[in-house]
Amino acid sequence: MSATQAKRTVALIGGEFSGGQPKGGVERAPKMMRQAKIVDQVKALGYEVNDCGDHAFPSPDAANSSADPPAGIVKNPRTVGNACKQIYDIVQAAVKRDEIVYTIGGDHSLGLATVGGHAASRPNLCCIWVDAHADINTAETTGSGNMHGMPVSILLGLQKPQDIPGFEWFNPVMTTADIVYIGLRDLDEGERSIIRKFGMKAFTMHHVDKYGIGQVVQMALDHVNPKRDRPIHLSFDVDALDPAIAPSTGTTVRGGLTFREGHYICEAVYETGLLRGLDIMEVNPALGNDKEVADTIAIGCSLTRCALGETLL
Ligand SMILES: [Mn+2]
């Protein structure tokens, strides 16, 4: 076992939520990862686990959208805002206990709650967002209206939370300089404009090919955490991985991270000794055959273990 960091308690939070996108099933991932013995695996790495439970949220009812009508084309805003508020509060409480917050999604709209709730109690927090997508659409730029493509814009206040019903409670505390992307390969035009306009640091798959994953993680850390003194939240959308190795997720994009590249990111972040928050998001056990589902759940578990200190030797 590595002595890189003193073992803290891990607060495990299940976010059984699918309302940020249209595909059912993603809300079942926390239970499936538990069935795959994720709790025992984290304990085996030497951590105490404070099990904060799985939190279920009603799926949006398409037949009765009168309770939560779209805001422009943004879908289920109050449903997403309510789920985010509840997870945000749970995350914030765990951070105040100085625990490592580990959230299993659920769709990535919950990233607003996990990173946002974390940053609210750890002001110096930085974030590494590993994803095929930038998730930085605003109400103006979104083409789909699915809120799992919007958490970063609200998190950073580029999209005013007060302008989306259900998000009035949220107070952005992070800036565009506090977050770095790895793995991007499917960006909307509006997202490109936002990333360029604010000079945000983004390592796409082009950069992974060009520099190799070791150099990319180094550069990402140098940008967001040059003195290696800031706590890190790693928000990992499994669609960052190539669909050949993580097929059971809602928005697959070819040309993703290899198995080793994905795990390397987690290992390298662990080695900093600064990991304080981890999300494993968008595992969807309803998509794919039995083997594909098992492989994707297994990779959610192994990414978790690597981020918490499992090493090859
Ligand atoms: Mn995402």
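Because the structure is predicted, anything quoted here is derived from the model rather than measured.

Calculation rules
- Residues numbered from 1 in each chain as written.
- Predicted model: local features only at pLDDT ≥ 70, side-chain atom pairs only at ≥ 80, totals over all residues.
- Heavy atoms only, no water.
- Donors = N, O, S within 2.8 Å, 3.2 Å for Na, K, Ca; no water.
- Helix = DSSP H or I, 4+ residues; strand = E, 2+ residues; numbered from the N terminus.
- Buried < 20%, exposed > 50% of the residue type's maximum accessible area, 1.4 Å probe, protein only.
- Expected span 1.5 Å × (residues − 1).
- Salt bridge = Lys/Arg side-chain N within 4 Å of Asp/Glu carboxyl O.
- Core = buried A, V, L, I, M, F, W, Y, C linked by side-chain atoms within 4.5 Å.
- Axes fitted to C-alpha atoms, helices over the stretch in contact; angles between N-to-C directions.
- Parallel < 35°, antiparallel > 145°, perpendicular 65-115°, else oblique.
- Left-handed = near helix turned anticlockwise from the far one by under 90°.
- Contact = heavy atoms within 4.5 Å.
- Nonpolar A, V, L, I, M, F, W, Y, C, P; charged D, E, K, R; others polar.
- Lys, Arg positive; Asp, Glu negative; His and termini not counted.
- Polar contact = N/O pair within 3.5 Å; in protein donor to acceptor, adjacent residues only side chain to side chain.
- Phe/Tyr/Trp six-rings, centres within 6.5 Å; stacked < 30°, edge-to-face > 60°.

Trainee: Any chance you could explain the coordination of the manganese ion here in plain terms?
Mentor: Ideal donor angles around a metal are set by the shape: a four-donor tetrahedron calls for 109.5 degrees, a six-donor octahedron for 90 or 180 degrees. Protein-derived ligands of the manganese ion are His-108 (ND1), Asp-131 (OD), Asp-135 (OD) and Asp-237 (OD), with the metal-ligand distances lying across 2.0 to 2.3 Å. Taken in chain order, the donor set of the manganese ion reads H-x22-D-x3-D-x101-D. In this pair, His-108 sits in the loop between strand 3 (100–105) and helix 4 (111–121) while Asp-131 sits in the loop between strand 4 (126–130) and helix 5 (151–155), placing the two residues 23 residues apart along the sequence. Each member of the pair, His-108 together with Asp-131, is buried.

Trainee: For this particular structure, what's the right way to read helix 9 (residues 259–271)?
Mentor: Side chains three or four residues apart in an α-helix point the same way, a direct result of the helix having 3.6 residues per turn. In this model, helix 9 (13 residues) spans 19 Å end to end at C-alpha, consistent with the 18 Å of a helix rising 1.5 Å per residue. All of the buried residues in helix 9 are Glu-261, Gly-262, His-263, Ile-265, Cys-266, Glu-267, Ala-268, Val-269 and Tyr-270. Gly-273, located one to two residues past helix 9, shows a positive phi value of around 75°.

Trainee: Which parts of the structure should I look at to understand the pattern of salt bridges?
Mentor: Pairs can form between side chains of opposite charge whenever their charged atoms are close. Applying the stated rule across the entire model yields 15 salt bridges. For Asp-222, the salt bridge identified is with Arg-228, shortest N-O distance 3.0 Å. Lys-291 serves as the salt-bridge partner of Asp-295, at 2.7 Å between the closest nitrogen and oxygen. Linking Asp-295 with Lys-291, this pair stays in helix 10 (residues 290–307), spanning four residues, or about one helical turn.

Trainee: Looking at this structure, how should I read the nonpolar core?
Mentor: The nonpolar side chains of soluble globular proteins are, as a tendency, buried together. Tyr-102, Ile-128, Val-130, Ile-182, Leu-234, Leu-257 and Ile-280 are the most contacted members of the largest nonpolar core, which totals 53 residues. Looking at this core, the element that brings in the most residues is helix 10, giving seven residues. The next biggest cluster of nonpolar side chains, apart from the first, holds 44 residues, and it includes Val-80, Ala-113, Leu-155 and Ala-202.

Trainee: Would you mind going over the packing of helix 3 (residues 77–96) against helix 4 with me for this structure?
Mentor: Following both chains from N to C, one finds helix 3 and helix 4 inclined at 40°, their axes separated by 8 Å at the closest point. By the criterion of interaxial angle, the relationship of helix 3 to helix 4 is oblique. Considering only the axes of helix 3 and helix 4, their crossing is right-handed. Residues Cys-84, Ile-87, Tyr-88, Val-91, Gln-92, Val-95 and Lys-96 of helix 3 touch helix 4, and the partners they reach there are Leu-112, Ala-113, Thr-114, Gly-116, Gly-117, His-118, Ala-120 and Ser-121. For the contact of helix 3 with helix 4, the class distribution of residues is eight nonpolar, six polar and one charged.

Trainee: Honestly, the side chain of Arg-185 in this entry has me stumped. Any pointers?
Mentor: Residue position: Arg-185 is located in the loop between strand 5 (179–184) and helix 6 (189–197). This buried residue, Arg-185, is left without a salt bridge; Asp-242 holds the nearest opposite charge, at 5.6 Å. At 3.0 Å, the side chain of Arg-185 forms a polar contact with the backbone oxygen of Ala-240. In this structure, Arg-185 is in contact with Ala-132, Met-205, Asp-239, Ala-240, Leu-241, Asp-242, Pro-243, Val-253, Arg-254, Gly-255, Gly-256 and Leu-257, ignoring residues within four places of it in sequence.

Trainee: Please explain the packing of aromatic side chains as it appears in this structure.
Mentor: Describing an aromatic ring pair means giving the distance of the ring centres and the angle of the ring planes. This structure, assessed with the given rule, holds four aromatic pairs. Plain terms: the ring middles of Phe-17 and Phe-57 are 5.9 Å apart, the flat faces sit at 90° to each other, and that makes the pair edge-to-face. Taken as a pair, Phe-17 in the loop between strand 1 (10–16) and helix 1 (29–35) and Phe-57 in the loop between strand 2 (49–56) and helix 3 lie far apart in primary sequence, 40 residues in all. The pair Phe-17 / Phe-57 is uniform in exposure class, with both members buried. Three or more aromatic residues link up through ring pairs in this structure, and these residues are Tyr-88, Trp-169 and Phe-170.

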